[in-house]
Amino acid sequence: RMKAVIQRVGRASVTVEGREVASIQKGLLTLVGVEAGDSSETAERLVERILKLRIFEDSAGKMNLSLRDVSGSHLLVSQFTLLGDLSKGNRPSFLGAGSAEAARKIFEHAVAFSTRQGVPTACGIFQADMQVELVNEGPATFVIDQDGEAVQSK
């Protein structure tokens, strides 16, 4: 199941080999993990849910506004390690992760879908060693799966 960590940010950027490759101001930084069996449709459901989340504060200070409501931007970063299984031992297992080729296509589809929704969208570089900088506003961080369901700690 595809997973995403969503962080409400004042700004965020991605640097690769000392060069900034993407940046946004107010908006959402989404770290995305693609699992074996995920599809373009899975990516669309996930992005659609993210864009509808009412996690920005309104004038009364309540989380009541979506990314579109605040005219925010969306920065997506592929995050293979979100799929690490730590249930046994001390070293993560990545057996459930999708192949790099399949995951790249699905991630790129998610970025394109976000853009097609009229949201200013940027992304990191797939499989690159990236440095991600962000100012998490709140802080506000949420974890959801492909169906937009909250991933709860057990």
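Located above this text is the structure these notes cover.
Notes on the structure follow.

Describing the overall build of the chain
- Within the chain, the secondary structure is distributed over two helices and eight strands.
- Relative to a compact globule of 154 residues, whose C-alpha radius of gyration would be 15 Å, the chain shows 15 Å and is just as compact.
- Based on the C-alpha atoms only, the size of the chain along its principal axes is roughly 45 × 40 × 30 Å.
- Per-residue burial over the chain gives 40% buried out of 154 residues.
- Taking contacts inside the chain between residues at least 6 apart in sequence as the whole, the part at least 24 apart equals 71%.
- Of the roughly 8600 Å² of accessible surface on the chain, a fraction of 47% belongs to carbon and sulfur atoms.
- Each charge class in the chain was averaged separately, 18 positive and 19 negative side chains, and the resulting centres sit 3 Å apart.

Focus on unusual backbone geometry
- Residue P139 is reached from G138 by a cis peptide bond, and omega for that bond is -5°.
- Following the sequence through the fold, P139 ends up in strand β8 (residues 130-145).
- Phi angles above zero are rare outside glycine, and E17 is one such case at about 50°.
- You can see E17 is positioned in the loop between β1 (3-16) and β2 (19-24).
- Notably, Q127 is not glycine yet its phi reads approximately 65°, a positive angle.

Focus on the pattern of salt bridges
- Overall, the coordinates contain three salt bridges when judged by the stated rule.
- We note a salt bridge from E101 to K105, for which the minimum N-O separation is 3.8 Å. Remark: K105 and E101 occur in helix α2 (residues 100-116); sequence separation between them is four residues, near one turn of the helix.
- On the basis of relative accessible area, E101 is assigned to the exposed category, the value being 58%.

Describing helix α1 (residues 40-52)
- Taking 1.5 Å as the rise per residue, α1 with 13 residues should run 18 Å; its terminal C-alpha atoms sit 18 Å apart, in good agreement.
- Among the residues of α1, those classed as buried are T42, A43, L46, V47, I50 and L51. End-on view of α1: buried residues confined to an arc of 160°, all on one side of the axis.
- Lining the buried residues of α1 we find β1, β3 (27-33), β6 (73-78), α2 and β8.

Cut-off values and rules
Note that residues are indexed from 1 along each chain, following the sequence as it is written. Local features in this predicted model are restricted to residues whose pLDDT is 70 or higher, and side-chain atom pairs enter the listing and the counts only when it is 80 or higher, whereas totals over whole chains, interfaces and linings include all residues. Based on all heavy atoms of the structure, the side-chain values leave hydrogens and waters out of the count. Segments assigned H or I by DSSP are reported as helices when at least four residues long, segments assigned E as strands when at least two residues long, and all are numbered from the N terminus. C-alpha atoms define the radius of gyration in this analysis, and the globule rule sets the expected value at 2.2 Å times the number of residues to the power 0.38. Exposure classes here rest on a 1.4 Å probe applied to the protein chains alone. A residue is buried below 20% of its type maximum, exposed above 50%, and partly exposed in between. For this analysis, residues touch if any pair of their heavy atoms sits within 4.5 Å. We get accessible surface area from the Shrake-Rupley algorithm with a probe of 1.4 Å; when it comes to residues, only the shown protein chains can shield them. For the purpose of counting charges, residues Lys and Arg are taken to be positive, whereas Asp and Glu are taken to be negative. His and the chain ends are not included. Positions of charges follow a simple convention, taking NZ of Lys, CZ of Arg, CG of Asp or CD of Glu. Counted as salt bridges are all cases of a side-chain nitrogen of Lys or Arg within 4 Å of a carboxyl oxygen of Asp or Glu. How far a helix is expected to stretch is found by multiplying one less than its residue total by 1.5 Å. The arc under discussion is defined with respect to the helix axis, by the directions toward the C-beta atoms.

By themselves these figures say nothing about function.
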